[in-house]
Amino acid sequence: SDSTLRKDGQLSPSILKSDESSSSRRINIRLYDSLLSMISAGSGRGDSGTLASQLLANLAAVPENKAGILYVERKLISLCGKDPHIANAACNGIFNRLK
């Protein structure tokens, strides 16, 4: 399987790419909404928000996920205005990884 966790703890991009053989190129809205929920609920408390932010950053680094990142961008910017921890994670981890 292409599923690998690199030694630095980051997921390899091959996990994050959508299935090339899939006839549907739809974004997984539930995935992105769940990650946003984890980020907003876990901000400053525990690891769930951090892990969700890291996963979004990894997703942002894969060009095939651009539609999904564009889907969460507006919502994430709204969360940034409410919480400086989210703003830091978004600007320094997610948005700077966009391809």
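Note that residues are indexed from 1 along each chain, following the sequence as it is written. Local features in a predicted model are, by the rule used here, given only for residues with pLDDT of at least 70; side-chain atom pairs are given and counted only at 80 or more, and totals for whole chains, interfaces and linings are based on all residues. Hydrogens and waters are ignored; side-chain quantities use all the structure's heavy atoms.

Caption draft 1: Region of the structure containing the overall build of the chain. Scanning the chain from N- to C-terminus turns up five helices and zero strands. Going along the chain from the N terminus, every DSSP run of H or I of four or more residues is numbered as a helix, and every run of E of two or more is numbered as a strand. Counting from the amino terminus, helix and strand elements in the chain follow one another as α-α-α-α-α. Contact definition: two residues touch when any of their heavy atoms are within 4.5 Å. Within the chain, counting contacts between residues at least 6 apart in sequence, those at least 24 apart form 60% of the total. Accessible surface area values rest on a Shrake-Rupley calculation with a 1.4 Å probe, where residue burial reflects the displayed protein chains alone. Looking at the chain as shown, the accessible area adds up to about 6,300 Å², and 53% of this sits on carbon and sulfur atoms.

Caption draft 2: Representation of helix α4 (residues 66–80) in the model. Relative to the 21 Å expected for 15 residues at 1.5 Å per residue, α4 spans 20 Å between its end C-alpha atoms, a close match to the ideal helical length. Bend at a residue means the angle formed by two fitted axes: the first through the 7 residues ending at that position, the second through the 7 residues beginning there. At Glu73, α4 shows its maximal bend, which comes to roughly 35°. A helix is expected to span 1.5 Å for every residue after the first.

Caption draft 3: Expanded view of the confidence of the model for the chain. Per-residue confidence from the predictor is given as pLDDT, running between 0 and 100. Confidence along the chain averages 75 in pLDDT terms, with 69% of residues attaining 70 or more. The low-confidence segment residues 1–5, where pLDDT is below 50, has nine contacts with residues more than four positions distant or belonging to other chains. Across residues 14–21, where pLDDT falls below 50, the model places 17 contacts with residues more than four positions away in sequence or in other chains.

Caption draft 4: Quick peek at the side chain of Ser53. Here Ser53 shows up in helix α3 (residues 48–60). In contact with Ser53, not counting residues within four places along its chain, are Ile39, Ala89 and Ile94.

Caption draft 5: Structural detail: the pattern of salt bridges. The salt bridge criterion pairs a side-chain nitrogen of Lys or Arg with a carboxyl oxygen of Asp or Glu, the two atoms within 4 Å. Across all of its chains, the model carries one salt bridge by this definition. Asp33 serves as the salt-bridge partner of Lys75, at 3.3 Å between the closest nitrogen and oxygen. In this pair, Lys75 is assigned in helix α4 and Asp33 in helix α2 (residues 29–42), connecting sequence segments 42 residues apart. The buried label goes to any residue with under 20% of its type's maximum accessible area, the exposed label to any with over 50%, and the partly exposed label to all in between, with areas taken from a 1.4 Å probe on protein chains only. A relative accessible area of 31% means that Asp33 is categorised as partly exposed.

Caption draft 6: Structural detail: the state of the cysteines. The disulfide criterion used throughout: a pair of cysteine sulfur atoms within 2.5 Å. Going through the model one piece at a time under the given rule, you end up with zero disulfides. In this structure Cys80 is not part of a disulfide, and its nearest cysteine sulfur, from Cys91, lies 5.2 Å away. Classification of Cys91 as partly exposed rests on a relative accessible area of 46%.

Caption draft 7: Structural view of the packing of α4 against helix α5 (residues 84–94). Two numbers describe how α4 lies on α5: the axes approach to 7 Å, and their chain directions differ by 135°. The angle between α4 and α5 places the two elements in the oblique class. Remark: the crossing between α4 and α5 carries left-handed chirality. Contacts between α4 and α5 involve Leu76, Leu79 and Cys80 on the former and, on the latter, Ile86, Ala87, Ala90 and Ile94. The class makeup of the residues in the contact of α4 with α5 is seven nonpolar, no polar and no charged. Axes here refer to lines fitted to C-alpha atoms; in helices the fit is confined to the stretch in contact. Angles between the N-to-C directions go from 0 to 180 degrees. Orientation categories follow fixed angle ranges, with anything under 35 degrees roughly parallel, anything over 145 roughly antiparallel, 65 to 115 roughly perpendicular, and all other angles oblique. Crossing handedness is defined as follows: a turn of the near helix away from the far one that is anticlockwise and smaller than a right angle gives a left-handed crossing, while the clockwise case is right-handed. Following the grouping adopted for this structure description, the nonpolar residues are Ala, Val, Leu, Ile, Met, Phe, Trp, Tyr, Cys and Pro, the charged ones are Asp, Glu, Lys and Arg, and the polar ones are all others, Gly among them.

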